[in-house]
Amino acid sequence: MTVSDQEWQAISTNDKTYDDVFWYAVKSTKIFCRPSCPSRLPKRDNVDVYYLKEAPLKDGFRPCKRCQPLNETVSNQVWVKEIDTILETHYSEPLSLRELSYLAHGSESYLRHVYKAETGVTPQQRLMSIRLKKAADMLSHTNRKIAEIAESVGIPNVSYFVQQFKAVYHDTPKKFRESQGR
Ligand SMILES: [Zn+2]
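Summarised in this report is the structure supplied together with it. From a predicted model like this one, the values you see are computed outputs, not experimental measurements.

### Here's the deal with the pattern of salt bridges
Link 1 in the chain: On inspection of all chains with the given rule, the structure shows 10 salt bridges.
Link 2 in the chain: The salt bridge involving E82 is made with R62; its shortest N-O contact spans 2.8 Å. Separated by 20 residues along the polypeptide, E82 in helix α3 (residues 76–90) and R62 in strand β4 (residues 62–63) bring together distant segments of the chain.
Link 3 in the chain: Residue E82 is classed as buried on the basis of its relative accessible area of 11%.
Link 4 in the chain: Judged by relative accessible area, which is 30%, R62 ranks as partly exposed.
Link 5 in the chain: With a closest N to O distance of 3.4 Å, R144 and E148 form a salt bridge.
Link 6 in the chain: For R144, a relative accessible area of 33% corresponds to the partly exposed category.
Link 7 in the chain: Judged by its relative accessible area of 38%, E148 is partly exposed.

Next up, the structure:
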């Protein structure tokens, strides 16, 4: 159901008195929350309201890690998968840990801690390897300029991009491209 003015007021002010009265689901992130959730306020157009707590699950929404609307913890493994999906989808944007923690509904330090414990790398390291892999694909399969490629994978600073690329692929982007026969 679309959100009423009263419900929107409760969501905007993180009003605890509405917890277990209704739940709200955010269509853009496919996550649902309690009214009191301290996560960033979504756009009102993206919000649907539910009066049965299991109902959002049936519509494909996942419980928020932060406010735990089902009173159950989301397993760390599931959460890490969600974080990976966000990284894969948003790698071309200037994605800070802060922004990532908004999108994944968790605090920055907790997110970093859980991600590292589960995967052995930090979310920033994972993001960098996604970006470099996308760049390597483009170097191999397109004739786009190196600066353009760097920008399109979210690393607009070209010399930083070259430095990071070399550290992983042991070649400059130019030499790497030549070695791929382009
Ligand atoms: Zn929440």
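### Details of the pairing of strand β1 (residues 23–26)
Link 1 in the chain: Side chains of β1 alternate between two faces, with W23 and A25 and Y24 and V26 buried alike.
Link 2 in the chain: For β1 and strand β3 (residues 47–50), the ladder comprises 4 bridges, and the chain directions are antiparallel. Bridge pairing in β3 links W23 to Y50.
Link 3 in the chain: With 3 bridges joining them, β1 and strand β2 (residues 31–33) adopt antiparallel strand pairing. Paired with V26 across the strands is I31, a residue of β2.

### Topic: helix α5 (residues 108–119)
Link 1 in the chain: End to end, α5 covers 16 Å across 12 residues, agreeing with the expected 16 Å (1.5 Å per residue, within 8%).
Link 2 in the chain: Those residues of α5 not exposed but buried are L111, V114 and Y115. Buried residues of α5, seen end-on, are gathered within an arc of 100° and therefore sit on one face of the element. Away from the buried face of α5 by more than 90 degrees, exposed residues S109, H113 and A117 are located.
Link 3 in the chain: Packed against the buried residues of α5 are α3, α4 (97–104) and α6 (123–141).

Rules and cut-offs
Residues numbered from 1 in each chain as written. Predicted model: local features only at pLDDT ≥ 70, side-chain atom pairs only at ≥ 80, totals over all residues. Heavy atoms only, no water. Salt bridge = Lys/Arg side-chain N within 4 Å of Asp/Glu carboxyl O. Helix = DSSP H or I, 4+ residues; strand = E, 2+ residues; numbered from the N terminus. Buried < 20%, exposed > 50% of the residue type's maximum accessible area, 1.4 Å probe, protein only. Pairing = 2+ DSSP bridges. Expected span 1.5 Å × (residues − 1). Arc of directions from axis to C-beta. Contact = heavy atoms within 4.5 Å.

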